[in-house]
Amino acid sequence: MPTPDELPTAYAEFFTRAFAKRDNVLLSPTFLFECAEAVESLDECIECGKPIINITAFGEGIGEHYVLTDEQIERLEEALEDSGVEVSDDDVCSDHV
Ligand SMILES: [Zn+2]
């Protein structure tokens, strides 16, 4: 399991790698999921087991790790919601909302 120590040192590097897109498709969803796991914000859908990222836990975990401001956390959560991966605060994927 990835640990917070394995996250990129600089927040800018983390953000760029996690949310880089081409043609509106995320380039490295695996990296994003690993980061989510590192800050213990990775859940799975209680109906189908699909991995989902808990938005609140992700914002808090990454925010704590990089000592982010509230504005940065807000931007981070927006980027996560726009990323196209499954995100939820309710432990259900988009098919099971
Ligand atoms: Zn599901």
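A few points on the structure. On a predicted model such as this, the values are computed, not experimentally measured, just so you know.

## Remarks on the coordination of the zinc ion
Inference 1: Looking at the zinc ion, the protein donor atoms are Cys 45 (SG), Cys 48 (SG), Cys 93 (SG) and His 96 (ND1), and they sit 2.0 to 2.3 Å from it.
Inference 2: The site at the zinc ion holds 4 donor atoms, and with the angles between them running 100 to 118 degrees, its shape is tetrahedral.
Inference 3: Here the donor residues of the zinc ion share one chain and are spaced in sequence as C-x2-C-x44-C-x2-H.
Inference 4: The exposure class assigned to Cys 93 is buried, which follows from its relative accessible area of 0%.

## Considering the packing of aromatic side chains
Inference 1: Taken as a whole, this structure holds 8 aromatic pairs when the rule is applied.
Inference 2: Plain terms: the ring middles of Phe 14 and Phe 31 are 6.4 Å apart, the flat faces sit at 50 degrees to each other, and that makes the pair tilted. Here the residue Phe 14 occupies a position in helix α1 (residues 11-19), and Phe 31 occupies one in helix α2 (residues 29-38), the gap between them amounting to 17 residues.
Inference 3: A relative accessible area of 8% means that Phe 31 is categorised as buried.
Inference 4: An aromatic cluster is present here, built from Tyr 11, Phe 14, Phe 15, Phe 19, Phe 31, Phe 58 and Tyr 66 joined pairwise through their rings.
Inference 5: Its guanidinium or amino end placed over the ring of Phe 31, Arg 17 lies 3.9 Å from that ring's centre, counting from NZ or CZ.

## Brief notes about the nonpolar core
Inference 1: Counting residues in each nonpolar core, the largest one holds 25 residues, and the members touching the most others are Phe 14, Phe 19, Leu 32, Phe 58, Ile 62 and Leu 76.
Inference 2: Looking at this core, the elements with two or more residues in it are α1, α2, α3 (55-66) and α4 (70-82).
Inference 3: In terms of residue count, α2 provides more of this core than any other element does, 6 residues in total.
Inference 4: If we ignore the near neighbours within four places in the chain, the residues touching Leu 76 are Tyr 11, Phe 14, Phe 15, Phe 19, Phe 58, Gly 59, Ile 62 and Leu 68.

## Some remarks on the environment of Pro 29
Inference 1: Inspection of the secondary structure assignment puts Pro 29 in helix α2.
Inference 2: Separated by 10 residues in the primary sequence, Pro 29 and Phe 19 have C-alpha atoms spaced 8.2 Å apart.

## Description of a negative patch on the surface
Inference 1: A surface patch of negative charge is lined by Asp 70, Glu 71, Glu 74, Glu 78, Glu 81, Asp 82, Asp 89 and Asp 90.
Inference 2: Of note, Asp 89 is situated in the segment after α4.
Inference 3: What makes Asp 89 partly exposed here is its relative accessible area of 39%.

Calculation criteria
- Going along each chain's sequence as written, the residues are numbered from 1 onward.
- Restriction of local features to residues with pLDDT of at least 70 applies here, the model being predicted, together with a cutoff of 80 or more for giving and counting side-chain atom pairs; totals for whole chains, interfaces and linings are based on all residues.
- The side-chain numbers reported here are obtained from all heavy atoms of the structure, hydrogens and water having been left aside.
- Water is absent from the atoms considered, so a metal site may look incomplete; donors are defined as N, O and S atoms within 2.8 Å of the metal, or 3.2 Å for Na, K and Ca.
- Only four donors with every angle between 85 and 135 degrees are called tetrahedral; only four or six donors with opposite donors over 155 degrees apart and all others between 65 and 115 are called square planar or octahedral, in that order; all others are irregular.
- Only protein chains enter the accessibility calculation, which uses a 1.4 Å probe. A residue is then buried if its area is under 20% of the maximum for its type, exposed if over 50%, and partly exposed in between.
- Pairing of aromatic side chains requires ring centres within 6.5 Å, counting the rings of Phe and Tyr and the six-membered ring of Trp. Pairs whose planes differ by under 30 degrees are stacked, by over 60 edge-to-face, and all others tilted.
- Strands are runs of DSSP state E lasting at least 2 residues, helices are runs of H or I lasting at least 4, and numbering of each runs from the N terminus.
- The criterion for a charge sitting over a ring is simple: Lys NZ or Arg CZ within 6 Å of the ring centre, and within 35 degrees of the ring normal.
- Joining through side-chain atoms within 4.5 Å is the link that ties buried Ala, Val, Leu, Ile, Met, Phe, Trp, Tyr and Cys residues into a set, and such a set is a nonpolar core.
- For this analysis, residues touch if any pair of their heavy atoms sits within 4.5 Å.
- Think of a patch as exposed residues, more than 30% relative accessible area, with no salt bridge, where like charges cluster within 9 Å and nonpolar side chains (Val, Leu, Ile, Met, Phe, Trp, Tyr) cluster within 5 Å.
- Here the accessible surface of atoms and residues is derived via Shrake-Rupley with a 1.4 Å probe, and residues count as covered only by protein chains that are part of the display.
- Salt bridge, as used here, is a side-chain nitrogen of Lys or Arg placed within 4 Å of a carboxyl oxygen of Asp or Glu.
- Under the counting rule used here, the positive set is Lys and Arg, the negative set is Asp and Glu, and His together with the chain ends is not counted.
- To locate a charge, take NZ of a lysine, CZ of an arginine, CG of an aspartate or CD of a glutamate.

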